[in-house]
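# Observations on chain architecture
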Amino acid sequence: MAPKADGKQPKLSGTQLVHADDEFHGPEVAPSVSVSTTFRAPNPLLDPKEEFDTWNPTRHLYSRYTQTVSTRAERVLSKINDGYAITYASGLAASYAALVYLKPKRVAITAGYHGCHATIDVYKRSRNADLPIIDLDDDFQPGDLCWLETPLNPTGEARDIKYYAHKIHAVGGQLLVDSTFAPPPIQYPFKWGADVVMHSGTKYFGGHSDLLCGVLVVPKLEQWKELWHIRTFLGNMMGSLESWLLLRSLRTLHLRVPRQSENAYGLAQWLAKAAGGKSADGIPAGVIEKVWHSSLQGVDARGFDPRSQLEGGWNPTFAILMTKEQYAAQLPHSLKFFIPATSLGGVESLIEQRVHSDPGADPRLIRISVGVEDLEDMKDDLRRAFQEIVKGPKAKL
């Protein structure tokens, strides 16, 4: 993990991850999975009537409203994100719910995950009026939503949250930060002026490539309750098994993400030595054109230093540009420890020629999601693969 700008240790606590939901603990050490969609109602003649508290449910009515494991997972997510977190069936379900909640007159968004752009297009279809899309660096107006993804998918480059917060708040607009690439302890967007924080919990919160999840975090309980109402009647909550998998995964977030961050930093710095087609440490010449990663950005013209915003380390996903499309097609299938697959955030390292998931991507672009394997093993694997692909594909007999 990179040194922190202020010298302090990251604040993500293993104690909080394991115990933030203790108030909902039953007799089991590991929580049970409830498959029930509905729950027995109390006898109104025997039990005093009490108001149903969606944030602190003492009982459950229907699993679309609340159920124990999702409530526990949300309590842990709330604690580590410095707000009130609510979960959804996927990251894109969370992005759609954010649009319904924020009701923007225009959306300012530039590049980033193509799925969010598609979700905005779907949201447009529900409106009688047009929803203009503008660039992040265009002039803002009242009612605008600034949709800021940082670090950016697929390159892993950081954007200045504080700058865009000041810009959008100056006209009375709102700032949503998609922090999927930088979960706690790496980045805390509320600290820099975000109004809503979004995560695809499928990625680092899940961390094992076995669940779909979306998360929205807001600073006030009243806002959470409004989001809960919207989720209840959009019907896009997580299922019981996915909630259980999420809660299990959150317990080790403080162990997984720092290791992935350290590995990604080491890989990005190593690969950057071969950028521009150079030969370096066994990487052949003429293979790597460019490497993107927040650790390679430096300080921009406005004085933004990614190190100050990424206080708990560097993002574990980044991208490289190969010199040839042929190399980009071969590389993912020439490796032993990197799985050729889309998505990111799991304990296993993944690699993909991004054009297969995002048709708008440069076909030479490779996205790498770094796992928890040993760094030197990953370097050796990549070095061998680079040497292999420059020799050309093996002839079939």
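Overview of the structure. Please read these numbers as outputs of a predicted model, since none were measured by experiment.

Reading the values: the criteria
- Residues numbered from 1 in each chain as written.
- Predicted model: local features only at pLDDT ≥ 70, side-chain atom pairs only at ≥ 80, totals over all residues.
- Heavy atoms only, no water.
- Helix = DSSP H or I, 4+ residues; strand = E, 2+ residues; numbered from the N terminus.
- Buried < 20%, exposed > 50% of the residue type's maximum accessible area, 1.4 Å probe, protein only.
- Polar contact = N/O pair within 3.5 Å; in protein donor to acceptor, adjacent residues only side chain to side chain.
- Contact = heavy atoms within 4.5 Å.
- Axes fitted to C-alpha atoms, helices over the stretch in contact; angles between N-to-C directions.
- Parallel < 35°, antiparallel > 145°, perpendicular 65-115°, else oblique.
- Left-handed = near helix turned anticlockwise from the far one by under 90°.
- Nonpolar A, V, L, I, M, F, W, Y, C, P; charged D, E, K, R; others polar.
- Patch = residues over 30% accessible without salt bridge, like charges linked within 9 Å, V, L, I, M, F, W, Y side chains within 5 Å.
- Areas by Shrake-Rupley, 256 points an atom, 1.4 Å probe, with all protein chains shown as cover.
- Salt bridge = Lys/Arg side-chain N within 4 Å of Asp/Glu carboxyl O.
- Expected span 1.5 Å × (residues − 1).

## Details of the side chain of Ser-95
By the secondary structure assignment, Ser-95 is in helix α3 (residues 91-102). Here Ser-95 falls in the buried class, since its relative accessible area comes to 0%. A distance of 2.7 Å separates a polar side-chain atom of Ser-95 from the backbone oxygen of Leu-92. When neighbours within four sequence positions are excluded, Ser-95 is seen to be in contact with Cys-116, Thr-119, Trp-147 and Met-198.

## Some points on unusual backbone geometry
Most peptide bonds adopt trans geometry, and most residues besides glycine take a negative phi value. Residue Thr-150 is joined to Pro-151 through a cis peptide bond whose omega torsion reads -10 degrees. Inspection of the secondary structure puts Pro-151 in the loop between β4 (144-149) and α5 (161-169). Between Asn-153 and the following residue, Pro-154, the backbone shows a cis peptide bond with an omega angle of 10 degrees. Position of Pro-154 among the secondary structure elements: in the loop between β4 and α5. Even without glycine at this site, Ser-209 takes up a positive phi of about 55 degrees. With respect to the helices and strands, the residue Ser-209 is situated in the loop between β6 (196-200) and β7 (214-218). Even without being a glycine, Asp-281 presents a positive backbone phi close to 50 degrees. In this structure, Asp-281 sits in the loop between α8 (253-272) and β8 (288-292). When its relative accessible area of 47% is taken as the criterion, Asp-281 is described as partly exposed.

## Digging into the side chain of Arg-159
In this structure, Arg-159 sits in the loop between β4 and α5. A polar atom in the side chain of Arg-159 sits 2.6 Å from the backbone oxygen of Thr-110. Contacts of Arg-159, omitting those with residues within four sequence positions, involve Thr-110, Ala-111, Leu-136, Leu-148, Glu-149, Thr-150, Leu-152, Phe-304 and Gln-309.

## Some details on the packing of α3 against helix α4 (residues 114-124)
At a minimum axis distance of 10 Å, the contact between α3 and α4 shows a crossing angle of 45 degrees. In terms of orientation, α3 and α4 fall into the oblique class. Crossing of α3 over α4 shows right-handed handedness. Between α3 and α4, the contacting residues are Leu-92, Ser-95, Tyr-96, Leu-99 and Val-100 on the first element and Gly-115, Cys-116, Thr-119, Ile-120, Val-122 and Tyr-123 on the second. Of the residues that constitute the contact of α3 with α4, the class distribution is eight nonpolar, three polar and no charged.

## So, a nonpolar patch on the surface
Among the surface-exposed residues, Val-33, Val-35 and Leu-241 lie close enough to one another that they form a single nonpolar patch of about 290 Å² accessible area. In this fold, Val-35 is placed in the loop between α1 (14-19) and α2 (68-81). You can call Val-35 exposed: its relative accessible area is 76%.

## Some points on helix α11 (residues 375-390)
In a regular helix each residue adds 1.5 Å, so 16 residues correspond to 22 Å; α11 covers 23 Å between its end C-alpha atoms and thus fits that length. What α11 keeps buried is the set Met-378, Lys-379, Asp-381, Leu-382, Arg-383, Ala-385, Phe-386 and Ile-389. Tucked inside the fold, the buried residues of α11 contact α8, β8, β9 (317-322), α10 (325-330), β10 (338-340) and β11 (349-353). Positive backbone phi, at 95 degrees, marks Gly-392, one or two positions downstream of α11.

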